[in-house]
Amino acid sequence: MSRAADAPGYVDAELQPPNDLHPDEWVVVYQFADGASLEQWLRSPERDELMTSGNGLVDGVAREQVVALAPETDRVTAVSSVRVAPGAEAAFRELHDQILVELATSPGFLRADLFEPVEGVQDETVVVLAFDTRANLDHWLASEDRARILREMERHTQGARTVNVVGGFAGWFEGRGAPVKRWKSAVAVLLALVPVSLAFLGLRLALFPDLHPVVATILGNVLGIVVLTWAVMPWLTDRLATWLRR
């Protein structure tokens, strides 16, 4: 994938190990700015050489699929965090995998990322879900399939689950130089969103412990987006500017 990063029009690449969606198969997802750039990379001598050198490592013939996506003008992201009970990590991950299977058939679903706790930095397990529109995300958040799996997860978690919904990341990174890779923008948003979410949760529990969950979620989303958009993200993107554009 490092060779692809030098190709014209390269945007991003991701290596996906086998899972419930594609068992027994490793998948490489390339993202390029346009079809011509992707075609140039797929037919390049550099990629041909790499594919030939890896023939002994694969079973069967590699398959290719080319998908064109419309600009993600309405893309929205939901970020949830929860503390997994000690010793329940495997059970939690199994239930998360069940959610991925359900998400695969959910309208508008784009991708999911799970961030494990990091000792001394982040105690919660964080899940980031991306949908093409807010309507499709809301449909998933209100679905019975999600509610059923979350009820099972409650046995393996401690404390409250926080959920925040934000619009596409692009607006926080536009007009600052070279384009930012998606995984870097996701990391930057996560660095800002998690502490802001936890701060609002702690403040809400201290001041209004009996606030209705629906009201608390709406209030937290509104205040969180305001703080992120006009305070935290401008400050953070300025300090990460060199890394983001690298």
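Residues numbered from 1 in each chain as written. Predicted model: local features only at pLDDT ≥ 70, side-chain atom pairs only at ≥ 80, totals over all residues. Heavy atoms only, no water.

J.: I keep staring at the packing of helix α3 (residues 89-103) against helix α5 (residues 144-153) and nothing clicks. Help me out?
T.: To characterise two packed helices, one gives the angle between the axes of the helices and the distance between these axes. The contact between α3 and α5 brings their axes to 10 Å, and the two run at 180°. By the criterion of interaxial angle, the relationship of α3 to α5 is roughly antiparallel. In contact with F92, L95, H96, Q98, I99 and E102 of α3, α5 contributes D145, R148, I149, E152 and M153. (Axes fitted to C-alpha atoms, helices over the stretch in contact; angles between N-to-C directions. Helix = DSSP H or I, 4+ residues; strand = E, 2+ residues; numbered from the N terminus. Parallel < 35°, antiparallel > 145°, perpendicular 65-115°, else oblique. Contact = heavy atoms within 4.5 Å.)

J.: Teacher, can you tell me more about empty space enclosed by the protein here?
T.: Left-over empty space is what a probe sized like a water molecule reveals as it rolls over the atoms. Overall, the coordinates contain one cavity of 30 Å³ or more when judged by the stated rule. As a volume, the largest cavity reaches approximately 160 Å³. Taken together, 15 residues line the largest cavity, and the ones lying closest to its centre are S80, V127, L129, R146 and R161. Looking at the lining of the largest cavity, the elements with two or more residues in it are β3 (76-84), α3, β5 (125-131), α4 (134-141), α5 and β6 (157-167). When the residues that make up the lining of the largest cavity are grouped by side-chain class, the tally is 11 nonpolar, two polar and two charged. (1 Å grid on protein atoms, 1.4 Å probe; cavity = no way out; pocket = protein on both sides within 12 Å on 5 of 7 lines; lining within 4 Å. Points joined across faces, edges and corners; volume = space filled by probe spheres on them. Nonpolar A, V, L, I, M, F, W, Y, C, P; charged D, E, K, R; others polar.)

J.: Teacher, can you tell me more about the side chain of T237 here?
T.: Mapped onto the fold, T237 is located in helix α7 (residues 213-239). Residue class for T237 comes out buried when judged on its relative accessible area of 2%. Polar side-chain contacts of T237 include one of 2.7 Å to the backbone oxygen of M233. (Buried < 20%, exposed > 50% of the residue type's maximum accessible area, 1.4 Å probe, protein only. Polar contact = N/O pair within 3.5 Å; in protein donor to acceptor, adjacent residues only side chain to side chain.)

Don't take any of this as a statement about function, it's just geometry.
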